[in-house]
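Remarks on the overall topology
Listed here are the chains, written in short residue letters.
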Amino acid sequence: MVCLDIGTTEFRSLRRRPACVAGCRSPAVYIAFPSGQADHALLRQLHVESIRCDDSQVVTGTSALHLASSLRIPVIPLLIDGLIPVDDPLGRQLIALVVDSILPGNGQDEPCGLVSRSAVDLEQKPDLLLFAQILKLKGYDPFPVSSAAAVAFAELGSEQFTGLVLDWGAAGASLGAYRMSDTVAECHCVNGGLLIDERVAR
């Protein structure tokens, strides 16, 4: 069993193994800087993967955060308010690259839960459909899971998967009531912590 959690600032994957649950995460950011021989040598020395885009080198994830600090350049978010930017083919390729970094290998039709705080129907949210397509290309069989349900399955085992769960993210929130792992009720909010930050900043 595998799950992919698409957060506004971070992508996470979880894989259930016989003796444990293995997780992997990557910041949902990238940097772009002018390409040069010195840059190529530095990236090879640091064992950092990059892609060439026109006259720039592009680095994603944790490596982007570290290099941004060293090069004193800003990081660029892959998602804007939790959504994939419109008409951004490079951003879509980079998203697929980050997903591949935390969910490597061939899925071989293995089920993969796609966690969302704003929808549980792939057809309701085009962004979820894109992530589902990425997973299908990697050989997984994606299915939507609300973030509240994901928390319930992860944390309520000792309570027989029964309880009330609120999962609050940067760009959305998910509230659910569960009884013996069955969903009693769920609701989703398209606003999260970022909206509070914006209003406080005003």
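So, a few notes on the structure that sits alongside this text. Residue indices follow the written sequence of each chain, beginning from 1 at its first position. Under the rules for a predicted model, residues below a pLDDT of 70 receive no local features and side-chain atom pairs below 80 are neither given nor counted, while totals for whole chains, interfaces and linings still include all residues. Values reported for side chains reflect all heavy atoms of the structure, with hydrogen atoms and water molecules removed beforehand.

**A closer look at the packing of aromatic side chains**
Let me state the cut-off plainly: For Phe, Tyr and Trp, where Trp contributes only its six-membered ring, two rings pair if their centres lie within 6.5 Å, and the inter-plane angle classes them as stacked under 30 degrees, edge-to-face over 60, or tilted in between. Per the convention used, a helix needs a DSSP run of H or I reaching at least four residues, while a strand needs a run of E reaching at least two, with both numbered from the N terminus. Accessible area is worked out with a 1.4 Å probe on protein chains only. A residue is then buried under 20% of its type maximum, exposed over 50%, and partly exposed in between.
Scanning the entire structure with this criterion turns up 1 aromatic pair. For the pair Phe11 and Phe131, a centre-to-centre distance of 5.8 Å together with 90° between the ring planes defines the contact as edge-to-face. Of this pair, Phe11 sits in strand 2 (residues 10-16) while Phe131 sits in helix 4 (residues 126-137), and the two are 120 residues apart along the sequence. Under the relative-accessibility criterion, Phe11 is labelled buried at 0%.

**Describing the packing of helix 3 (residues 89-102) against helix 4**
Applicable threshold: Orientation is described by lines fitted to C-alpha atoms, with helices fitted over the stretch in contact, and by angles between N-to-C directions that extend from 0 to 180 degrees. For classification, angles of less than 35 degrees are called roughly parallel, those exceeding 145 degrees roughly antiparallel, those between 65 and 115 degrees roughly perpendicular, and all remaining angles oblique. Rotating anticlockwise by less than a right angle from the far helix to the near helix defines a left-handed crossing, while the corresponding clockwise rotation defines a right-handed one. Any two residues whose heavy atoms approach within 4.5 Å are treated as being in contact. Only Asp, Glu, Lys and Arg are considered charged in this grouping, and only Ala, Val, Leu, Ile, Met, Phe, Trp, Tyr, Cys and Pro are considered nonpolar; every other residue, Gly among them, is considered polar.
The contact between helix 3 and helix 4 brings their axes to 11 Å, and the two run at 55°. Our classification of the angle between helix 3 and helix 4 gives oblique. Along this stretch, helix 3 crosses helix 4, giving a crossing that reads as right-handed. Here Arg92, Ile95, Ala96 and Val99 of helix 3 come into contact with helix 4, specifically with Leu130, Phe131, Ile134 and Leu135. In terms of residue class, the contact of helix 3 with helix 4 is made up of 7 nonpolar, no polar and 1 charged.

**Structural notes on the pattern of salt bridges**
Using the following cut-off: One side-chain nitrogen of Lys or Arg within 4 Å of one carboxyl oxygen of Asp or Glu is enough to make a salt bridge.
All told, the structure shown has 4 salt bridges when counted by the stated rule. Two residues, Arg12 and Glu10, come together in a salt bridge whose shortest N-O distance is 2.8 Å. A salt bridge links Asp100 to Lys138; its shortest N-O distance comes to 2.7 Å. Note that Asp100 is positioned in helix 3 and Lys138 in the loop between helix 4 and strand 9 (141-146), a separation of 38 residues in sequence. For Asp100, a relative accessible area of 38% corresponds to the partly exposed category. Taking relative accessible area as the criterion, Lys138 reaches 11% and is therefore assigned buried. Residues joined in a network through salt bridges with shared partners are Asp5, Glu10, Arg12 and Arg25.

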